[in-house]
Amino acid sequence: MNFLAHLYIAERRSADPTGAVLGDVVRGRDLSHLPEAVAHSIHLHRRIDAVCDRHPSTRHALAQFPAGPRRYAGIVLDLCADHLLAREWQQWHAEPLADFCLAQAQAIAANSAAFVAIGRPPPEPARFAAILADCATLDGVDRALQRISQRAREPQRLLAATRHWRRYLGALEPGFATLLQDCIAA
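Residues numbered from 1 in each chain as written. Predicted model: local features only at pLDDT ≥ 70, side-chain atom pairs only at ≥ 80, totals over all residues. Heavy atoms only, no water.

Chemist: Would you explain the overall build of the protein in this entry?
Modeler: Along the protein, the regular secondary structure elements total 13 helices and zero strands. Here the protein has a C-alpha radius of gyration of 16 Å; the compact-globule value for 186 residues is 16 Å, and the two agree. Judged by the C-alpha coordinates and their principal axes, the protein covers about 40 × 40 × 30 Å. Out of the 186 residues belonging to the protein, those deemed buried represent 46%. A sequence separation of at least 24 residues applies to 68% of the contacts in the protein between residues at least 6 apart. A total of about 9,200 Å² of accessible surface is found on the protein, and carbon and sulfur atoms cover 52% of it. (Helix = DSSP H or I, 4+ residues; strand = E, 2+ residues; numbered from the N terminus. Rg over C-alpha atoms; globule rule 2.2 N^0.38 Å. Buried < 20%, exposed > 50% of the residue type's maximum accessible area, 1.4 Å probe, protein only. Contact = heavy atoms within 4.5 Å. Areas by Shrake-Rupley, 256 points an atom, 1.4 Å probe, with all protein chains shown as cover.)

Chemist: Mind showing me how you'd approach the nonpolar core here?
Modeler: One broad trend across soluble globular proteins is that nonpolar side chains are buried collectively. Counting residues in hydrophobic clusters, the biggest one holds 63 residues, and the most contacted among them are Met1, Leu4, Tyr8, Leu85, Phe176 and Leu180. If near-sequence neighbours (up to four positions away) are discounted, Met1 is found in contact with His6, Ile48, Asp49, Cys52, Asp78, Ala81, Asp82, Phe176, Leu179, Leu180 and Cys183. (Core = buried A, V, L, I, M, F, W, Y, C linked by side-chain atoms within 4.5 Å.)

Chemist: Sorry, what's going on with the layout of surface pockets here?
Modeler: Computed from the structure, the largest pocket encloses a volume of approximately 1,600 Å³. Around the largest pocket, the lining is made up of 47 residues, and of these Asn2, Phe3, Asp24, Ile148 and Arg151 lie nearest the centre. At the level of secondary structure, the elements contributing two or more residues to the lining of the largest pocket comprise helix 1 (3–12), helix 2 (17–22), helix 3 (36–54), helix 4 (56–62), helix 5 (73–87), helix 9 (125–134) and helix 10 (138–151). Among the elements that take part in the lining of the largest pocket, helix 5 stands out by supplying eight residues, more than any other. (1 Å grid on protein atoms, 1.4 Å probe; cavity = no way out; pocket = protein on both sides within 12 Å on 5 of 7 lines; lining within 4 Å. Points joined across faces, edges and corners; volume = space filled by probe spheres on them.)

Chemist: What is the right way to read the environment of Gln64 from this model?
Modeler: Of note, Gln64 is situated in the loop between helix 4 and helix 5. Residues contacting Gln64, with those up to four places away along its chain left out, are Tyr168 and Ala171. Looking at Gln64, its side chain comes within polar contact range of the main-chain oxygen of His60, at 3.0 Å. (Polar contact = N/O pair within 3.5 Å; in protein donor to acceptor, adjacent residues only side chain to side chain.)

Chemist: Before we go on, may I ask you to explain helix 9 in this structure?
Modeler: Counting along an α-helix, one turn takes 3.6 residues, and residues three or four places apart therefore face a common direction. Within the span of helix 9, buried status applies to Phe128, Ala129, Leu132 and Asp134. Elements that come into contact with the buried residues of helix 9 comprise helix 1, helix 2, helix 7 (97–110) and helix 10.

As C-alpha cells, then:
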C-alpha cells in the first residue's frame, strides 16, 4: 500500500492522515516527539504494512518477480495497490477521488507541527493531491516510479524492477479486495 491506500485506510479507521504518510519517513520506535494522533497513525501504518507484506495476495504477486528485481518488488506492489484502489475508487468511496485527495493533502499540510518535529516541510497541498490522484492512470504510476527511482540508492536496479510492473499488477489484482479489507481490519 502506498500513500493513497494508507490515507484511505486511515480515514476508515479515523486515524490522522499525517501519520498515514509519515509512516514511510519516520524511523524508530520512539515517536514521543510527535503529536499523539500522528504517532498512533504511524503505528497503524506499520501494522498495515505488516499485514500487506505477509498477505497471500502480496506473496503471490511477489513470486512473479525474478530474483534480482524482487528486492524492489514491495515498492512496485505498493504503487500497484494504489492504482487498483484509484482505478475502482467509486467502488470503495462515495467522495470523488480528486476531492478526497485534495482534502487529505490539505489536512496533512495543515499539520505542520509533525513535519517540524521531523525536520521536513509539509507537502504543498495541490501538488500532493495531484500526485495522489495521478495513480489512477497507468502513466501516473509510471511517473510515480520515476520519482521514486530518483531518490533510490540504486535507481537503475529499481527501474529494472519496475520495467514490467503491469504484469505484477495483474498478479495482485485478483486478491486486491481481500487484501484491502484485511488491511482495514489491521
